[in-house]
Amino acid sequence: MRKGPNMTIAESFSEFLINMTYDELPEQAVDHAAMIIASTLASAACGRHINSSQIVSDIEIQRGGTPEASVWFEKNVRLPVIGTARANALMSDAAASDDSDLRNIVHAGTPLTAAALAAAEAIGTSGKDILAAIVVGYEAAGRIGEAIMPKFDYRGHHGCMGAAFGPTIAVARLYGLNPEQAAHALALTATTIGGLTKAANTSIAREYHAGNAIVAGISAVQAAMRGYTAELSIFEMERGFCQLFGGSDGTVILEDLGADWDIVTDMALKLVPGGHPYHALGEAGANAAREANVASEEIASITISRPGMTKLTGPRHPKDLIDMAHSPAYFTAAGVHDRMFGWVHASQEKIDHPGIHALIDKVTVGAEPTANVAAYRQGATVSIETTDGRIFTNSVFVPRGAGCAGIDWSDVEEKCLALMPTAPLGNKKINLILTKIRNMSELDNASDLTACLV
């Protein structure tokens, strides 16, 4: 799709996203939207007790306001849409166990799901409307994020710079904004959102960004629906959003609109904890270790390789969940030590495990791969050399849970059963929630789902 005559990128993009109907969406895109809901709720259950999440929830509960939507896993706590969505997004993002975009490395699904469910509950929207809003919202976040990749990242800006446009479009659809109003909402979000990667990588500012994405997106929609306007050329104009943060003219936002959907090709659900760029390291390390079938003491060295990786980043020896989430050495060593990498590796017991830390000291970065480079989509290669000189190598080009490789509902259900008990929810309630999500298109009202989250 190209810009229409005398139309800006914001106007053309909004026209496509707002006018797209549920029946026009691919079945796989809708199915992935339901999976994102389940994944986000699972991560939120895990993150509910994390300090950053509790602080923001307390702030929003104390602030109060019109009781429009439910704070997840809290009995009889209803807040305005924006406060509910912010509190719920912080829960999910705090646990770092939600979703990730393979290109932009951002948890687009967390603010998108939190905003969509809160808005839908407030106005009594159906399951089909929620699913459609999530699909087009993910498209907005993905395409605008791509328009500023990779320079925005090199310059130190955080992925929330793209993620904020997901809740903007999703809530605009649910509130019934017309394309022109939605275009102004996009422009308002573009001039509002900000965030720094350095703060996100080393502190709980990361999940604070998720809340900021919510506040920016929903505030923009609520203003635009009342007639507030902004600069509609903000994506293509000189010193505008795309040029400033990505050095581009923004035209990629409209390229081949509708030919495929980001939620199918670029969305990935986390099926293990921590930073998604390192999941393939844990997976490949486990695969190589199972093939080697030797004790950890018989491993002389572990070499990791992936396009663009020239040195180990993050803390080599993690001390807590934040460290663990950003430590490629930990992912690799833990996968090799236990011959698997899973939710248990976010526990303090594993983070402190002396056997894993002994292997961390043996992890080094090798030469970047030269074969099948394009196949690596957050993928990695791990080689284990044993003390008797044997070498075992395994490559994982795309980590488990990537939409482009196919996602099984059984994996999503396993994730929910592993994480949701911390909410706390029992297996009977969890299975009821999963049934409602899998049959989301048949729900008459969002509250049919949110009422179960206590």
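Shown above is the structure to which this text applies.
In this convention, every chain numbers its residues from 1, walking through the sequence in written order. Totals for whole chains, interfaces and linings use every residue, but because this is a predicted model, local features are given only for residues with pLDDT of at least 70 and side-chain atom pairs only at 80 or more, for both listing and counting. To obtain the side-chain values, all non-hydrogen atoms of the structure were used and water was disregarded.

J.: Can you break down the nonpolar core residue by residue, with the values?
T.: In terms of nonpolar packing, the biggest core is built from 114 residues, with I37, F235, F241 and I263 touching the most fellow members. What counts as a helix is a DSSP run of H or I of at least four residues, what counts as a strand is a run of E of at least two, and both are numbered from the N terminus. In terms of residue count, helix 6 (residues 127-148) provides more of this core than any other element does, 13 residues in total. Any two residues whose heavy atoms approach within 4.5 Å are treated as being in contact. Setting aside residues no more than four positions away along its own chain, I263 makes contact with A29, H32, A33, I36, I134, V135 and Y138. Counting 31 residues, the second-largest nonpolar core is a separate cluster that includes A289, A292, V382 and F392. Working definition of a nonpolar core: buried Ala, Val, Leu, Ile, Met, Phe, Trp, Tyr and Cys residues. They are joined through side-chain atoms within 4.5 Å. Partly exposed residues are those whose accessible area sits between 20% and 50% of the maximum for their type, while under 20% is buried and over 50% is exposed, using a 1.4 Å probe and protein chains only.

J.: Can you break down the packing of aromatic side chains residue by residue, with the values?
T.: Whether two aromatic rings pair depends on their centres lying within 6.5 Å, for rings of Phe, Tyr and Trp, where Trp uses its six-membered ring; planes under 30 degrees apart make the pair stacked, over 60 edge-to-face, and the rest tilted. Inspection of every chain in the model, using the stated rule, returns 10 aromatic pairs. Their ring planes at 55° and their centres at 5.7 Å tell us that Y278 and F331 sit as a pair that is tilted. Here Y278, found in the loop between strand 4 (267-269) and helix 15 (279-292), pairs with F331, found in helix 17 (residues 328-338); they are 53 residues apart in sequence, far enough to count as distant. One exposure class covers both Y278 and F331, and it is buried. Judged by centre distance (4.8 Å) and plane angle (20°), the rings of F331 and F341 are stacked. Note that F331 is positioned in helix 17 and F341 in the loop between helix 17 and helix 18 (348-351), a separation of 10 residues in sequence.

J.: Tell me about the packing of helix 5 (residues 109-123) against helix 12 (residues 205-224), residues and numbers included.
T.: Look at helix 5 against helix 12: their axes get within 9 Å of each other, and the N-to-C directions meet at 50°. Here helix 5 lies oblique to helix 12, going by the angle between them. Note on packing geometry: the crossing formed by helix 5 with helix 12 is right-handed. Contact residues: helix 5 offers P111, A114 and A115, while helix 12 offers A210, A213, I214 and I218. Only the stretch in contact is used when a helix axis is fitted, and all axes are lines through C-alpha atoms; the angle between N-to-C directions ranges over 0 to 180 degrees. Just so you know how the angles are binned, under 35 degrees is roughly parallel, over 145 roughly antiparallel, 65 to 115 roughly perpendicular, and the rest oblique. Two helices cross in a left-handed way if the nearer one is turned anticlockwise from the farther one by less than a right angle. They cross in a right-handed way if the turn is clockwise.

J.: Requested: an account of the pairing of strand 7 (residues 380-386), with residues and values cited.
T.: Of all seven residues that make up strand 7, six are buried, and the element is covered over most of its length. Pairing between two strands is assigned when DSSP locates at least 2 bridges connecting them. Here strand 5 (residues 299-305) runs beside strand 7; their pairing, made up of six bridges, is antiparallel. Residue pairing for strand 7: I304 is matched across the bridge by V382. Direction of pairing for strand 7 relative to strand 8 (residues 391-396): antiparallel, over a ladder of six bridges. If you follow S383 over to strand 8, its bridge partner there is T393.

J.: Give me the side chain of S92: which residues, what numbers.
T.: Take S92: it is sitting in helix 4 (residues 81-94). Separated by 3.0 Å, the side chains of S92 and T110 make a polar contact. Contacts of S92, omitting those with residues within four sequence positions, involve T40, S43, A44, S97, D98 and T110. Pairs of N or O atoms within 3.5 Å make up the polar contacts considered here, provided that, within protein, one atom can donate a hydrogen while the other can accept it, and that residues adjacent in sequence are counted only when both atoms are side-chain atoms.

J.: Tell me what's going on with the pairing of strand 8, and back it up with residues and numbers.
T.: Judged by which residues are buried, strand 8 turns out to be one-sided: F392, N394 and V396 face inward and are buried, whereas I391, T393 and S395, on the alternate face, are not. The hairpin formed by strand 7 and strand 8 contains four residues between the paired strands, and G389 there has a positive phi angle of roughly 95°.

J.: Hey, could you go over the state of the cysteines for me, with residue numbers and the actual values?
T.: When the sulfur atoms of two cysteines share a covalent bond, that bond is a disulfide. Cysteine sulfur atoms are paired as a disulfide whenever they fall within 2.5 Å. One pass over the structure, following the stated rule, counts zero disulfides. Just so you know, C452 is unpaired, no disulfide at all, and the nearest cysteine sulfur is the one on C416, 13 Å from it. C452 sits in the buried class, given a relative accessible area of 8%.

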